[in-house]
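What follows is the residue order along each chain.
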Amino acid sequence: MRDLAETVDRAFAAALYAQDDAGLDTGASVLAAESARWGGVGRELLARGEAYVRQAWERGWQPADLLRLVRRDLDERHIRIAGDLIAGEARRYARLPERWTESEVWWAGDEEYADQLARREKADRFTLATALLEVFRLLVRLPSIEPVGPLPGDPLDEHEHAHIEPRMLGRIRALLAKAEATTFPEEAEALSAKAQELMARHTVDEALLAARGGRPTQVPGACRIGVEPPYEEAKAVLLDAVATANRCRAVWNSGFEFSTVVGFESDLEAVELLYTSLLVQGTAAMTRAEAAQRAGGRKRTKTFRQSFLLAYASRLGRRLAETAEHTASEASDNLPALVARDVAVTSRADEMFPKTTTTRLRGATDHAGWEDGTAAADAAHVGGKRKPLTP
């Protein structure tokens, strides 16, 4: 099969490093011409794609990050192909790291992948070859980013990562689900506040237990949370506020549309849950407010939305800070343990991101949007301490 590998090499040389579509067309044509050996071509492409995926993991990427980037730069067919490559690479490991996107191999065998892919996508060989090469081109161009966890196949982490206790996690999720479902601001406020209270109480308990030696040594970890357009600046501000409320640090990467959140595992879980819920609540409130504005004859929906979400995030930041201070004051006997936890998180964040800059956000230009966003934030009361947003 040496000549088949050489054919694939020739296609890759034309397509993967080309700056225009002409090279892609040439590479796809070379592959599509191998009709008699199409199954072998598919097997070879799958194997090389899995190797590129592994290289992405070694550069700090994770499946969710990769799929987010493919979604941004390509289309749905490419997302499915990238998912195939991730699934193919993952089957090599008996155990995947926490937070790793799970996927399954759906094709019967690697020799049959190309034909089964054609049936799934209802596309000809040239179209499929082009799509595969476009995914490969994106993969080979990925830069290195800060790793946030072990790679598949790495030895088990020697440090224990405490999660939110399942029963409490269920209560928090139920409260947030009710907050998202209700159309009554006061009810949403009470439900979200109760969820944050449970999260804060868990953090205090974890810190005290660790300080007393009742739990094995823990170290801060990190995770990435997507911060995608539209209105990504306001979303990044909101995530930063939620992260600091839960004693974490958030660093926004606007170029790749995610924030890296650094903190202890249970706090990271709390940040993901609360941020997702508040974003759902804020978006729903924005939609209702926008409908009222449009009913009154307004048409500038984009500026209204931008101003609404920025005000929502900004106001929540202040309210989060107030609640965090109140929670800390109630746990005054546990302050040394909480301080030690904060120091560990800050040290880990500074180690991961020794150089950060402050983002200058675009201002809100719609007064009605700002006023309605502030009111919506007041109706979603949760807590935390505010720190500068750093990209």
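Structure first, text after, so check above.
Residues numbered from 1 in each chain as written. Predicted model: local features only at pLDDT ≥ 70, side-chain atom pairs only at ≥ 80, totals over all residues. Heavy atoms only, no water.

Chemist: Can you help me understand the nonpolar core in this one?
Modeler: In globular proteins that are soluble, nonpolar side chains generally tend to be buried together. Among the nonpolar cores identified, the biggest contains 47 residues, and F12, L133, F136 and L139 are the most heavily contacted of them. Put simply, the parts of the chain that give this core at least two residues each are α1 (2–15), α2 (21–32), α3 (38–58), α4 (63–73), α5 (76–90), α6 (113–121) and α7 (125–140). Ranked by residues supplied to this core, first place goes to α7 with ten residues. Excluding its chain neighbours within four sequence positions, the residues that come into contact with L139 are G49, Y52, V53, R59, L66 and L85. (Core = buried A, V, L, I, M, F, W, Y, C linked by side-chain atoms within 4.5 Å. Buried < 20%, exposed > 50% of the residue type's maximum accessible area, 1.4 Å probe, protein only. Helix = DSSP H or I, 4+ residues; strand = E, 2+ residues; numbered from the N terminus. Contact = heavy atoms within 4.5 Å.)

Chemist: What is the right way to look at the packing of helix α8 (residues 166–181) against helix α11 (residues 265–295) in this model?
Modeler: Two measures define how a pair of helices packs: the angle their axes make with one another and the distance between the axes. Where α8 contacts α11, the axes come no closer than 9 Å and their chain directions differ by 10 degrees. As summarised for this structure, α8 and α11 are arranged roughly parallel, according to the angle between their axes. Contacts from L169, I172, R173, L176, A179 and E180 of α8 reach α11 at L273, L274, S277, V280 and Q281. Across the contact of α8 with α11, the residue classes break down as seven nonpolar, two polar and two charged. (Axes fitted to C-alpha atoms, helices over the stretch in contact; angles between N-to-C directions. Parallel < 35°, antiparallel > 145°, perpendicular 65-115°, else oblique. Nonpolar A, V, L, I, M, F, W, Y, C, P; charged D, E, K, R; others polar.)

Chemist: Would you mind going over the sheet that holds strand β1 (residues 221–226) with me for this structure?
Modeler: For sheets, the rule is that strands pair by backbone hydrogen bonds, running either parallel or antiparallel. Strand order in the open sheet made by the three strands is β1-β3-β2, with antiparallel pairing throughout. In this open sheet, the two strands that pair with only one neighbour each are β1 and β2 (249–253). In this sheet, neighbouring strand axes are inclined to one another by 25 degrees on average, regardless of whether the strands run parallel or antiparallel. Here β2 pairs with strand β3 (residues 258–263) via five bridges, running antiparallel. (Pairing = 2+ DSSP bridges.)

Chemist: Help me understand the environment of A200, please; the structure alone is not making it clear to me.
Modeler: For A200, the location among the structural elements is in helix α9 (residues 185–211). A200 sits 70 residues away from A270 along the chain, and the two C-alpha atoms are 9.0 Å apart.

Chemist: Sorry if this is basic, but what is going on with the packing of aromatic side chains here?
Modeler: The geometry of an aromatic ring pair is captured by two quantities: the separation of the ring centres and the angle between the planes. Tallying each qualifying case throughout the model produces ten aromatic pairs. Here the aromatic cluster, defined as three or more aromatic residues joined through ring pairs, consists of F12, Y52 and F136. Across the ring face of F12, the terminal group of R48 is positioned such that the distance to the ring centre comes to 5.3 Å. (Phe/Tyr/Trp six-rings, centres within 6.5 Å; stacked < 30°, edge-to-face > 60°. Lys NZ or Arg CZ within 6 Å of the ring centre and 35° of its normal.)

Chemist: Help me out: how do you make sense of the packing of helix α10 (residues 232–245) against α11 in this one?
Modeler: Look at α10 against α11: their axes get within 9 Å of each other, and the N-to-C directions meet at 140 degrees. In terms of orientation, α10 and α11 fall into the oblique class. Here α10 runs over α11; the crossing is right-handed. From α10, K235, L238, L239, V242 and A243 reach across to α11, where they touch V271, L274, Y275, L278 and L279. Partitioning the contact of α10 with α11 into residue classes produces nine nonpolar, no polar and one charged. (Left-handed = near helix turned anticlockwise from the far one by under 90°.)

Chemist: What should I look at first to understand unusual backbone geometry in this one?
Modeler: Outside of glycine, negative phi angles account for most residues, and trans bonds account for most peptide bonds. Cis rather than trans, the peptide bond between P229 and P230 has omega equal to 0 degrees. Here P230 shows up in the loop between β1 and α10. Here the phi dihedral of Y231 falls at roughly 60 degrees; this positive angle occurs in a residue that is not glycine. Mapping Y231 onto the fold places it in the loop between β1 and α10.

Chemist: Looking at this structure, how should I read α10?
Modeler: The periodicity of an α-helix, 3.6 residues per turn, causes residues three or four places apart in sequence to face the same way. With 14 residues, α10 should reach 20 Å at 1.5 Å per residue; the first-to-last C-alpha distance of 20 Å fits that figure. With respect to burial, α10 is a largely interior element, 13 of its 14 residues being buried. (Expected span 1.5 Å × (residues − 1).)

Chemist: Looking at this model, I keep getting lost on the pattern of salt bridges. Mind explaining?
Modeler: Should the charged atoms of two oppositely charged side chains come close, the side chains can pair. Evaluation of the coordinates by the stated rule reveals 23 salt bridges. Between R72 and D73 there is a salt bridge; the shortest N-O distance is 2.7 Å. Taking relative accessible area as the criterion, D73 reaches 41% and is therefore assigned partly exposed. Here D342 makes a salt bridge to R247, at a shortest N to O gap of 2.7 Å. Here D342, found in helix α13 (residues 335–352), pairs with R247, found in the loop between α10 and β2; they are 95 residues apart in sequence, far enough to count as distant. One network of salt bridges, with partners in common, ties together R77, R80, D84, R120 and E121. (Salt bridge = Lys/Arg side-chain N within 4 Å of Asp/Glu carboxyl O.)

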